[in-house]
Amino acid sequence: MLHRTVYCCFSGKTHKQQYICCCYIFIRKVEFLKKKNLIVIMSQRQVLQVFEQYQKSRTQFVQTIAELATRPQNIETLQNAGVMSLLRPLLLDVVPTIQQTTALALGRLANYNDDLAEAVVKGDILPQLVYSLTEQNRFYKKAAAFVLRAVAKHSPALAQAVVDCGALDALVICLEEFDPGVKEAAAWALGYIARHNAHLSQAVVDAGAVPLLVLCIQEPEVALKRIAASALSDIAKHSPELAQTVVDTGAIAHLAQMILNPDAKLKRQVFSALSQISKHSVDLAEMVVEAEIFPAVLACLRDPDEYVRKNVTTLMREITKHTPELSLMIVNAGGVAAVIDYLGDSRGNVRLPGIMMLGYVAAHSENLAMAVIVSKGVPQLAICLSEEPEEHIKAATAWAFGQIGRHTPEHARAVSTANVLPKLLALYMNTDSSEDLQVKAKKALKSILQKCTYLPALEPLLYEAPSNILKHVVCQFSKVLPHDSKARRLFVTSGGLKKVQEIKADPGSALQEYINSINNCYPEEIVRYYSPGYSETLLARVEKYQPV
């Protein structure tokens, strides 16, 4: 057609006319080609728009799910809508942003409860995450490590599922990354795996995580220091062998350098790690002490953060419980007085390790128990016993009193003059008290009573104590009265002798023998006078008496 047009244009035309025809043909040709290309371009754009819209929709979907997963009220609805099966394919998306946001959404869902974490495991999502930890960029690695952490935190079984999919080696490799955020996410996941039991903790150790975690606590980033110290604490807490593994990497020295760091959250983790190391054996506790953390540690008992203070007293408790020598070292550093001040400034569960620390110190020897008394520990413990509503705190306080008062009459008197004995008796006799509280109150009472010779503190118990406690009270009277005339007189005038005569004891029992010993301290007519029924006997004699 074009050739025919050209022939018609050039046939019988002058050169000028032919030139004009050429221009006309060229313009038509250009218009034809433009039209053809425009159609092709429009077709390509339409195709690309489909893909762009698909990508935009996927991005919007995962971003919205990630946002919805931050609010607990949405979790059940998302779960019922089958969100897990919809998110799983998007982990393999070609767009890195979609992969990362998908991992973030999965982590937030798995973090909420163990059912969703179980769904992540059953959905075969973990192997893909582990594979991606070694292949993807730093943003994806942080998100993937977050999912592993969220799954592992709920139970040993779920943590074991994370281990079984090969996550430990990948997470340990992440500890060597340049980016501190990736290191932090990996350390966090490793800590959540190790915290459940010794078997999982050993698996983390065997993967080579401990030396790298010790390197992490030396990094400049405070957040990374916190998480690495927390992970070391979670590893060390299960057994002496695991704690020794942490110590062998030189962790104590690096932890000790951070006890005066201004960051409160870091100090929490540092003291927690040192506590978990110290608790297992004398040798480990001595290694912590040899790092020269005292008396600098005591300054942290005045820290504004209550959990820093609690972890400091926990560390002191774990050290003092082992030997008298370790306790004496802390006493000489001013630790007992500092802890007593701490108890006065604290309330609730944060008091518990301080109360137990005083009990451990007092348990070792008479001199150490006297150090607690001299530092006015008994009145402060009495306040704790009265103020605290939690029974486990009351039980610990009762136990501490028993450790203080069980050594000598002087120790027992220091406890009894603080009006502690009636309180312990009331806790023991209260039917609403827990079994543990009743046992500890009873044991403390018996320990103190067996040494107590301060009769004014014992006398109120004559009127309230049950027979199993009463025999210890009467026993102490039977020991003191034969040798103290002033006490014998006071015992009569206060009504104590009369009360003893009213006690019903089985013939031949220990209690009856103690009563006989007391009665032998007085003239027979005095004993008869205060015996039950004596007034009726006198009245009967009056009735029978015949005046002269």
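- Per an unreviewed UniProt entry, the chain goes by Sperm-associated antigen 6 and derives from Salmo trutta.
- In UniProt, the chain has this text filed under Subunit (unreviewed entry): "Interacts with SPAG16 and SPAG17."
- Per its UniProt entry, the chain bears the Function (unreviewed entry) comment "Important for structural integrity of the central apparatus in the sperm tail and for flagellar motility."

## Concerning the packing of helix α24 (residues 366-374) against helix α27 (residues 409-416)
Then comes step 1: Between α24 and α27, the shortest axis-to-axis distance is 10 Å and the interhelical angle comes to 25°. In terms of orientation, α24 and α27 fall into the roughly parallel class. Here α24 runs over α27; the crossing is left-handed. Residue-level inspection shows E366, A369, M370 and I373 of α24 in contact with α27, the latter providing E410, H411 and A414.
Then comes step 2: Taken together, the residues of the contact of α24 with α27 break down into four nonpolar, one polar and two charged.

## Overview of the pattern of salt bridges
Side chains that differ in sign of charge can pair as their charged atoms come close.
Then comes step 1: For the coordinates displayed, the defined rule picks out 14 salt bridges.
Then comes step 2: Here K267 and D303 are joined by a salt bridge, their closest N and O atoms 2.5 Å apart. Pair noted here: K267 is in helix α17 (residues 264-278) and D303 is in the loop between α19 (296-299) and α20 (306-320), with a separation of 36 residues, a long-range link. Of the two residues, K267 and D303, both sit in the buried class.

## Observations regarding the packing of helix α11 (residues 180-194) against helix α12 (residues 198-206)
Then comes step 1: Following both chains from N to C, one finds α11 and α12 inclined at 145°, their axes separated by 7 Å at the closest point. Across the interface between the two elements, L190, I193 and A194 of α11 pack against L200, S201 and V204 of α12.
Then comes step 2: In terms of residue class, the contact of α11 with α12 is built from five nonpolar, one polar and no charged.

## Topic: the environment of D234
Then comes step 1: Tracing the backbone shows D234 in helix α14 (residues 222-236).
Then comes step 2: Separated by 42 residues in sequence, D234 and Y192 place their C-alpha atoms 7.8 Å apart.
Then comes step 3: When residues no more than four places from it in sequence are discounted, the contact partners of D234 are G191, A194, R195 and S201.

## Things to note about helix α26 (residues 391-405)
Then comes step 1: Taking 1.5 Å per residue, 15 residues should reach 21 Å; α26 reaches 21 Å between its end C-alpha atoms and fits that length.
Then comes step 2: In terms of burial, α26 is a largely internal element, twelve of the 15 residues being buried.
Then comes step 3: Taken together, the buried positions of α26 are I393, K394, A395, A396, T397, A398, A400, F401, G402, Q403, I404 and G405.
Then comes step 4: Buried residues along α26 sit against α23 (352-364), α24, α25 (377-387), α27, α28 (420-429) and α29 (435-449).

## A few points about a negative patch on the surface
Then comes step 1: On the surface, D283, E286, E290 and E325 cluster together into a patch of negative charge.
Then comes step 2: Structurally, the position occupied by E325 is in helix α21 (residues 324-332).

## Some remarks on the nonpolar core
Then comes step 1: Membership of the largest hydrophobic core comes to 179 residues, with the highest contact counts inside it found for L171 and L255.
Then comes step 2: Residue contributions to this core peak at nine residues, all from helix α8 (residues 138-152).
Then comes step 3: When residues of this core are assigned to domains, at least three map to each of domain 1 (292-452) and domain 2 (463-541).
Then comes step 4: Apart from residues no more than four positions distant in its own chain, L171 is found in contact with L133, A145, L148, A186, A189, L190 and I193.

Rules used throughout
- Residues numbered from 1 in each chain as written.
- Predicted model: local features only at pLDDT ≥ 70, side-chain atom pairs only at ≥ 80, totals over all residues.
- Heavy atoms only, no water.
- UniProt positions renumbered as here; feature names shortened; annotations may be inferred.
- Axes fitted to C-alpha atoms, helices over the stretch in contact; angles between N-to-C directions.
- Helix = DSSP H or I, 4+ residues; strand = E, 2+ residues; numbered from the N terminus.
- Parallel < 35°, antiparallel > 145°, perpendicular 65-115°, else oblique.
- Left-handed = near helix turned anticlockwise from the far one by under 90°.
- Contact = heavy atoms within 4.5 Å.
- Nonpolar A, V, L, I, M, F, W, Y, C, P; charged D, E, K, R; others polar.
- Salt bridge = Lys/Arg side-chain N within 4 Å of Asp/Glu carboxyl O.
- Buried < 20%, exposed > 50% of the residue type's maximum accessible area, 1.4 Å probe, protein only.
- Expected span 1.5 Å × (residues − 1).
- Patch = residues over 30% accessible without salt bridge, like charges linked within 9 Å, V, L, I, M, F, W, Y side chains within 5 Å.
- Areas by Shrake-Rupley, 256 points an atom, 1.4 Å probe, with all protein chains shown as cover.
- Lys, Arg positive; Asp, Glu negative; His and termini not counted.
- Charge placed at Lys NZ, Arg CZ, Asp CG, Glu CD.
- Core = buried A, V, L, I, M, F, W, Y, C linked by side-chain atoms within 4.5 Å.
- Domains from an automatic or database assignment.

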